[in-house]
Amino acid sequence: MARTGRRVAYRKRNQNRFSMFLVSLVVLMLVVVAAWRSIELRQKINIKAQEQQILEEQIAEEKARSLDLDEFAKKIQTKGYIEDIAREKLGLVYEGEILFKEEE
(Lines give C-alpha, C1' and ligand atoms only; values in the text may rest on other atoms or scores of the structure.)
Protein backbone atom coordinates (compact mmCIF):
# COMPACT_ATOMS: atom_id res chain seq x y z
CA MET A 1 0.00 0.00 0.00
CA ALA A 2 2.78 2.35 0.60
CA ARG A 3 3.89 2.01 -2.99
CA THR A 4 0.54 3.07 -4.46
CA GLY A 5 0.48 6.22 -2.32
CA ARG A 6 3.84 7.26 -3.70
CA ARG A 7 2.69 6.78 -7.29
CA VAL A 8 -0.39 8.93 -6.77
CA ALA A 9 1.68 11.67 -5.13
CA TYR A 10 4.22 11.49 -7.99
CA ARG A 11 1.44 11.83 -10.60
CA LYS A 12 -0.07 14.82 -8.78
CA ARG A 13 3.35 16.49 -8.64
CA ASN A 14 3.83 15.95 -12.39
CA GLN A 15 0.32 17.24 -13.09
CA ASN A 16 1.04 20.34 -10.99
CA ARG A 17 4.26 20.96 -12.90
CA PHE A 18 2.49 20.55 -16.23
CA SER A 19 -0.32 22.89 -15.10
CA MET A 20 2.23 25.49 -13.98
CA PHE A 21 4.01 25.16 -17.31
CA LEU A 22 0.74 25.76 -19.21
CA VAL A 23 -0.16 28.76 -17.03
CA SER A 24 3.33 30.19 -17.47
CA LEU A 25 3.08 29.67 -21.24
CA VAL A 26 -0.26 31.48 -21.39
CA VAL A 27 1.08 34.39 -19.30
CA LEU A 28 4.17 34.59 -21.51
CA MET A 29 1.99 34.67 -24.63
CA LEU A 30 -0.10 37.48 -23.13
CA VAL A 31 3.03 39.49 -22.32
CA VAL A 32 4.36 39.01 -25.88
CA VAL A 33 1.04 40.07 -27.43
CA ALA A 34 0.82 43.11 -25.14
CA ALA A 35 4.38 44.13 -26.01
CA TRP A 36 3.69 43.73 -29.73
CA ARG A 37 0.54 45.87 -29.52
CA SER A 38 2.45 48.45 -27.50
CA ILE A 39 5.05 48.75 -30.27
CA GLU A 40 2.32 49.11 -32.91
CA LEU A 41 0.56 51.78 -30.87
CA ARG A 42 3.79 53.74 -30.38
CA GLN A 43 4.35 53.71 -34.14
CA LYS A 44 0.81 54.99 -34.70
CA ILE A 45 1.35 57.70 -32.10
CA ASN A 46 4.53 58.83 -33.89
CA ILE A 47 2.75 58.90 -37.25
CA LYS A 48 -0.16 60.90 -35.81
CA ALA A 49 2.28 63.34 -34.15
CA GLN A 50 3.96 63.95 -37.52
CA GLU A 51 0.57 64.48 -39.17
CA GLN A 52 -0.39 66.89 -36.40
CA GLN A 53 2.81 68.88 -36.91
CA ILE A 54 2.17 69.12 -40.66
CA LEU A 55 -1.41 70.26 -40.05
CA GLU A 56 -0.27 72.88 -37.53
CA GLU A 57 2.18 74.24 -40.11
CA GLN A 58 -0.62 74.40 -42.67
CA ILE A 59 -2.82 76.22 -40.17
CA ALA A 60 -0.07 78.78 -39.55
CA GLU A 61 0.37 79.30 -43.31
CA GLU A 62 -3.37 79.76 -43.80
CA LYS A 63 -3.54 82.25 -40.93
CA ALA A 64 -0.74 84.27 -42.54
CA ARG A 65 -2.54 84.08 -45.88
CA SER A 66 -5.75 85.22 -44.20
CA LEU A 67 -3.95 88.25 -42.76
CA ASP A 68 -2.56 89.07 -46.22
CA LEU A 69 -6.04 88.81 -47.70
CA ASP A 70 -7.44 91.10 -45.00
CA GLU A 71 -4.76 93.69 -45.76
CA PHE A 72 -5.44 93.38 -49.48
CA ALA A 73 -9.19 93.78 -48.85
CA LYS A 74 -8.51 97.00 -46.96
CA LYS A 75 -6.18 98.20 -49.71
CA ILE A 76 -8.61 97.62 -52.58
CA GLN A 77 -11.29 99.69 -50.87
CA THR A 78 -9.17 102.84 -50.91
CA LYS A 79 -9.94 105.54 -53.44
CA GLY A 80 -6.37 105.61 -54.76
CA TYR A 81 -6.37 101.91 -55.58
CA ILE A 82 -9.73 102.15 -57.30
CA GLU A 83 -8.49 105.05 -59.43
CA ASP A 84 -5.30 103.19 -60.37
CA ILE A 85 -7.24 100.14 -61.49
CA ALA A 86 -9.73 102.28 -63.39
CA ARG A 87 -6.87 104.04 -65.21
CA GLU A 88 -5.10 100.78 -66.10
CA LYS A 89 -8.05 98.61 -67.04
CA LEU A 90 -10.79 101.04 -68.04
CA GLY A 91 -8.79 104.02 -69.28
CA LEU A 92 -10.06 106.54 -66.72
CA VAL A 93 -9.28 110.13 -67.73
CA TYR A 94 -10.17 113.25 -65.76
CA GLU A 95 -11.51 116.39 -67.45
CA GLY A 96 -8.76 118.49 -68.86
CA GLU A 97 -6.23 115.69 -68.69
CA ILE A 98 -4.19 115.03 -71.82
CA LEU A 99 -3.01 111.53 -72.67
CA PHE A 100 -0.04 110.78 -74.81
CA LYS A 101 0.21 107.44 -76.54
CA GLU A 102 3.24 106.08 -78.25
CA GLU A 103 2.97 105.33 -81.93
CA GLU A 104 3.73 101.81 -82.83
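Notes on the structure in this doc start here. Just so it is clear, the structure is predicted and the values come from calculations on it, not from any experiment.

Quick look at the overall build of the protein now. A tally of regular secondary structure across the protein gives 2 helices and 0 strands. When burial is assessed residue by residue, the protein has 1% of its 104 residues classed as buried. A total of about 10,700 Å² of accessible surface is found on the protein, and carbon and sulfur atoms cover 60% of it.

Glancing now at the packing of aromatic side chains. Taken as a whole, this structure holds 1 aromatic pair when the rule is applied. A ring pair is formed by Phe72 and Tyr81, whose centres lie 6.2 Å apart and whose planes are at 80°; its orientation type is edge-to-face. Taking relative accessible area as the criterion, Phe72 reaches 41% and is therefore assigned partly exposed. Residue classification places Tyr81 among the partly exposed residues on the basis of a relative accessible area of 24%.

This brings us to the pattern of salt bridges. With the rule as written, the count across this model stands at 3 salt bridges. Residue Glu40 is joined to Arg37 by a salt bridge in which the shortest nitrogen-to-oxygen separation is 2.8 Å. Of the two residues, Glu40 and Arg37 are both situated in helix 1 (residues 2-76); the distance of 3 residues between them amounts to about one turn of the helix. You can call Arg37 partly exposed: its relative accessible area is 43%. For Lys48, the salt bridge is made with Glu51, and the minimal N-O distance between the two is 3.7 Å. With Lys48 and Glu51 both in helix 1, this residue pair falls 3 residues apart, about one helical turn. Under the relative-accessibility criterion, Lys48 is labelled exposed at 53%. Classification of Glu51 as partly exposed rests on a relative accessible area of 39%.

Rules used throughout
- Residues numbered from 1 in each chain as written.
- Predicted model: local features only at pLDDT ≥ 70, side-chain atom pairs only at ≥ 80, totals over all residues.
- Heavy atoms only, no water.
- Helix = DSSP H or I, 4+ residues; strand = E, 2+ residues; numbered from the N terminus.
- Buried < 20%, exposed > 50% of the residue type's maximum accessible area, 1.4 Å probe, protein only.
- Areas by Shrake-Rupley, 256 points an atom, 1.4 Å probe, with all protein chains shown as cover.
- Phe/Tyr/Trp six-rings, centres within 6.5 Å; stacked < 30°, edge-to-face > 60°.
- Salt bridge = Lys/Arg side-chain N within 4 Å of Asp/Glu carboxyl O.

That is the geometry; function is a separate question.
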